[in-house]
Structure formats: C-alpha cells, structure tokens
Amino acid sequence: QWSPAGSKQSAGELSELDHWILAELNQTIADIRASMDRYENYPACRRLVDFVDGLSNWYVRRSRDRFWRSGMDADKRAAYQTLWTCLSELSKVIAPFVTFFAESLYQNLVRSQFADAPESVHLCDYPAPDEGAIDRPLLEEMAVVREIASLGRSARMDAKIKVRQPLAVVEVVLADASHRQWLEGHLPLIADELNVKRIEFATNADQYVTYEVKANFKSIGPKFGKLAPQIQKTLATADAAGLRRTLDEAGKVSLDVAGQAVELTPDDVQVALRAKPGWAAAQGRTTVVVLSIDLTDELKAEGLARDVVHLIQTARKTENLDYQARIRLRINAAGALAEAIKANADYIRGETLATELKL
C-alpha cells in the first residue's frame with residue numbers, strides 16, 4: 001500500500017515523464033494565475049483543459065505499466081507520488097471553477113491522508129508556481145513528441161488502420177532539423193505510441209506526399225477584391241511543395257498575379273496534403289509524419305495476436321478479475337488466426353498473465 005503521508009521522492013528518482021508533468025503543472029498554475037489576474041476566465045479554463053488532457057491522455061496512459069506492476073519499487077512510488085501531487089494541486093487550482101468537484105477531490109486525496117490539512121479546499125491558499133520545476137526545454141521537447149504521436153494516430157485513422165495493427169516504419173520530416181538530436185532519445189516512446197517497428201528521419205516529405213494549394217477566399221476576398229480569382233488560378237499552377245516550404249520558412253510568399261506582385265500569408269492559402277500510394281500522412285505545426293501502410297504477413301499476424309489480447313482483456317474485465325490474477329487460456333481458432341496465435345504465443349501469455357495457452 002502507498003500513502004502520500006511521509007512519502008516524498010528525490011528528484012533523482014523521478015522519470016523524465018514525472019519531471020515533464022510537474023513542469024506542466026507549475027506552468028499551468030503560472031498561466032492560470034496570470035489570466036485570472038487580468039480577469040480573463042476563458043483562457044484560464046482553456047489552459048486547465050489542456051493540462052488535464054496531458055495528464056490523463058499522456059502521463060497516466062504512458063505510465064500504466066509503472067502503476068500496474070507488482071511490488072512497490074522506487075519507480076512505482078515516484079509515479080504514485082507524482083500523480084498524487086498533480087491531482088491534489090489540481091483540486092486547489094480548479095476550486096474557483098468547479099467548486100463541488102474540487103472539494104470532493106480534495107477530501108479524498110488530502111483530508112483523508114492529512115488530519116492537519118485545512119478543513120476545505122476553499123480554505124487553502126491558491127497554488128503558486130514553483131519556477132524551479134518549470135523545465136521549459138523539456139516542455140518544448142515533449143510538445144513535439146506529443147505532436148508526432150498525435151499526427152501518427154491521425155494518419156492511421158485516415159487510412160482506416162487501427163492502432164493495434166503494427167506497421168513497419170514511420171518517416172518523420174521535421175521543420176527544424178535541429179530537433180532530431182534530442183528526438184533520438186524519445187524514439188522508443190514514439191515507436192511504442194504509434195506501434196511501429198522503426199522510425200526514420202527524412203529531410204523532404206515530397207517523396208511521400210503531394211500538396212494541393214487553394215486560395216482561402218474568406219481571407220483574400222476582402223484583401224484583394226477582384227484580383228482574388230486570378231490569385232486562385234495562379235496558385236493552381238504553382239509548385240505546391242515549394243510554396244508550402246516558403247510559407248513555412250518565411251511566413252509569406254510573393255506571387256506574380258496578372259503582372260502585379262501579391263504577397264500571401266498562411267491565412268491566405270489552404271494547403272491540403274495527399275499521401276502517395278503505400279503511405280498515410282498527416283502534417284502539423286512542426287512535423288510531417290508519414291506511415292508505411294504496406295502490411296507483410298508477419299505484421300498481419302502480429303495485428304491478429306493483438307486483437308486476441310484485446311478480446312482476452314475484455315473477458316478479464318467482464319469476469320471482474322484482479323489485474324494481477326493469473327489465468328489459463330483455451331482458444332478455438334483455425335487458419336491464419338491459429339497460425340498468428342502460435343507465432344505470438346509468448347506475447348499473448350505475457351500480456352494477459354496466462355500461465356497456459358492451448359489451441
């Protein structure tokens with residue numbers, strides 16, 4: 001059993017993920033205080049929503065193995081302590097916005113553990129940020145990692161390939177090539193998140209994707225009036241990839257339209273990305289992520305094995321089994337599914353805590 005009372009980890013015991021979410025917590029507190037001091041409620045709420053999304057959909061999800069492993073080692077204690085810190089501080093941060101939920105959170109996490117704590121969350125001082133915990137380079141790095149993961153999932157969705165299906169390779173095209181050096185240390189995390197065997201960096205996305213450029217008439221209409229249709233015709237014959245690169249690098253592009261020099265900004269132009277056959281792609285602010293969607297028989301077998309694991313885990317939940325409970329498996333299968341189970345039997349047993357697997 002773990003308790004926050006008397007449990008405090010040193011900085012050396014915290015993982016990079018722990019340092020990141022604590023930096024996010026303190027940066028969020030700083031941002032919300034700044035917004036509230038200006039009586040700007042909406043930006044404060046928006047920042048709060050962003051933090052909760054990062055906490056639940058990135059920190060907790062990426063830390064599941066730490067929370068669920070048996071025993072209580074230093075890494076598991078660090079994960080528990082970090083999550084408790086985030087949630088207990090969150091109860092105070094959200095107190096002006098969702099008063100009753102904040103009180104419930106505070107009573108469950110803080111008052112139940114510390115008898116000398118203030119009686120109510122609404123009797124606590126509003127949190128102040130710990131500037132020393134705000135690692136801005138780490139925040140910037142993790143933002144790029146999260147964007148790559150989000151784009152990869154988006155590309156899968158567009159190609160209608162579920163996340164459980166392993167893929168061979170993902171190509172990452174960075175707007176800023178200097179990011180590559182520190183991204184190397186995050187490749188295992190990205191590969192696991194996107195369920196790919198290999199990650200490679202490409203310098204040019206043009207071999208994987210094409211671009212279609214159109215004028216944004218809502219923007220260029222008021223700015224250029226009768227010249228707007230001519231701008232659209234000029235864009236239709238322009239080098240789309242080159243135009244996109246110029247917009248990314250310079251923030252503007254100059255065109256000769258009917259003998260007149262016209263300067264366009266990213267708001268004036270809509271750039272649609274199209275993946276070439278065999279690839280799925282998505283583009284973000286700092287990255288283009290391209291997934292190979294050609295599936296070998298081995299990859300298909302791994303995908304089937306992951307589907308089997310998903311069905312077994314669902315059955316475990318239906319039976320209300322403890323997450324550490326060991327099971328024995330009997331599976332009726334034939335053909336390609338049976339072969340996939342045989343080839344990935346060790347993986348299935350390990351993921352489902354099965355002591356025995358028989359076909």
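It should be noted that the structure appears before, not after, this text.
All figures in this text were calculated on a predicted structure; none of them were measured in a lab. (Residues numbered from 1 in each chain as written. Predicted model: local features only at pLDDT ≥ 70, side-chain atom pairs only at ≥ 80, totals over all residues. Heavy atoms only, no water.)

J.: Hey, could you run me through the nonpolar core in this one?
T.: Proteins that are soluble and globular tend to have nonpolar side chains buried together. Formed by 63 residues in total, the largest nonpolar core has its most connected members in Trp20, Tyr59 and Leu183. Sort the elements by how many residues they give to this core and helix H6 (residues 136-159) lands first, with nine residues. In contact with Trp20, other than residues within four places in its own chain, are Gly54, Trp58, Tyr59, Leu138, Leu139, Met142 and Arg146. Residues Ala202, Tyr208, Leu243 and Val288 belong to the second largest nonpolar core, which totals 27 residues. (Core = buried A, V, L, I, M, F, W, Y, C linked by side-chain atoms within 4.5 Å. Buried < 20%, exposed > 50% of the residue type's maximum accessible area, 1.4 Å probe, protein only. Helix = DSSP H or I, 4+ residues; strand = E, 2+ residues; numbered from the N terminus. Contact = heavy atoms within 4.5 Å.)

J.: Any chance you could explain the packing of aromatic side chains here in plain terms?
T.: The description of two aromatic rings rests on the distance between their centres and on the angle between their planes. Enumeration according to the criterion identifies four aromatic pairs in this entry. Taken together, a centroid distance of 5.8 Å and an interplanar angle of 70° make the contact between Phe67 and Tyr80 edge-to-face. With Phe67 in helix H3 (residues 64-68) and Tyr80 in helix H4 (residues 74-93), this residue pair connects regions lying 13 residues apart in the sequence. Measuring from centroid to centroid gives 5.9 Å for Trp84 and Phe114, while their planes differ by 50°, and the two rings are tilted. Here Trp84 is found in helix H4, whereas its partner Phe114 is found in the loop between helix H5 (99-111) and H6, with 30 residues between them in sequence. Trp84 sits in the buried class, given a relative accessible area of 16%. A connected cluster of aromatic rings, assembled from ring pairs, spans Trp2, Phe67 and Tyr80. (Phe/Tyr/Trp six-rings, centres within 6.5 Å; stacked < 30°, edge-to-face > 60°.)

J.: Hey, could you run me through the pattern of salt bridges in this one?
T.: Oppositely charged side chains may form a pair once their charged atoms are brought near each other. Inspection of the entire model under this criterion finds 26 salt bridges. Lys92 serves as the salt-bridge partner of Glu89, at 3.3 Å between the closest nitrogen and oxygen. You can see Glu89 and its partner Lys92 sitting in helix H4, three residues apart, about one turn around the helix. With a shortest N-O distance of 3.8 Å, Glu263 and Lys252 are connected by a salt bridge. Of this pair, Glu263 sits in strand E5 (residues 260-264) while Lys252 sits in the loop between helix H11 (240-250) and strand E4 (253-257), placing them 11 residues apart in sequence. Assessed through its relative accessible area of 41%, Lys252 is described here as partly exposed. Because the salt bridges share partners, they merge into one network encompassing Arg61, Arg62, Arg153, Asp192 and Glu193. (Salt bridge = Lys/Arg side-chain N within 4 Å of Asp/Glu carboxyl O.)

J.: Sorry if this is basic, but what is going on with the pairing of strand E9 (residues 327-330) here?
T.: When a strand is regular, its side chains alternate between the sheet's two faces. With burial as the criterion, only one face of E9 is covered, namely that bearing Ile327 and Leu329; the residues Arg328 and Arg330 on the opposite face remain uncovered. Note: E9 against strand E10 (residues 354-358), four bridges, orientation parallel. By the bridge assignment for E10, Arg328 is matched with Glu356. (Pairing = 2+ DSSP bridges.)

J.: Explain the sheet that holds strand E8 (residues 287-292) here, please?
T.: Sheets are built from strands paired through backbone hydrogen bonds, the pairs being either parallel or antiparallel. With mixed pairing, four strands are arranged side by side in an open sheet as E2-E1-E8-E7. The strands lining the two open edges of the sheet, one partner per strand, are strand E2 (196-202) and strand E7 (279-283). Between one strand axis and the next, the sheet turns by 20° as a mean value, whatever way the strands run. Bridge count for strand E1 (residues 167-174) against E8 is five bridges, and the pairing is antiparallel. Bridge pairing in E8 links Glu171 to Val290. Sheet strands in contact with H6 are E1, E7 and E8, and its direction is about 45° off that of E8. (Axes fitted to C-alpha atoms, helices over the stretch in contact; angles between N-to-C directions.)

J.: Can you help me understand the packing of helix H2 (residues 41-62) against H4 in this one?
T.: Each pair of packed helices gets described by two things: the angle between the helix axes and the distance between those axes. Contact geometry for H2 and H4: axes closest at 12 Å, N-to-C directions at 160°. The pairing of H2 with H4 is recorded here as roughly antiparallel in orientation. The crossing of H2 and H4 is left-handed. Facing H2, whose interface residues are Leu48, Phe51, Val52, Leu55, Tyr59 and Val60, H4 presents Ala79, Thr82, Leu83, Cys86, Leu87, Leu90 and Val93. (Parallel < 35°, antiparallel > 145°, perpendicular 65-115°, else oblique. Left-handed = near helix turned anticlockwise from the far one by under 90°.)

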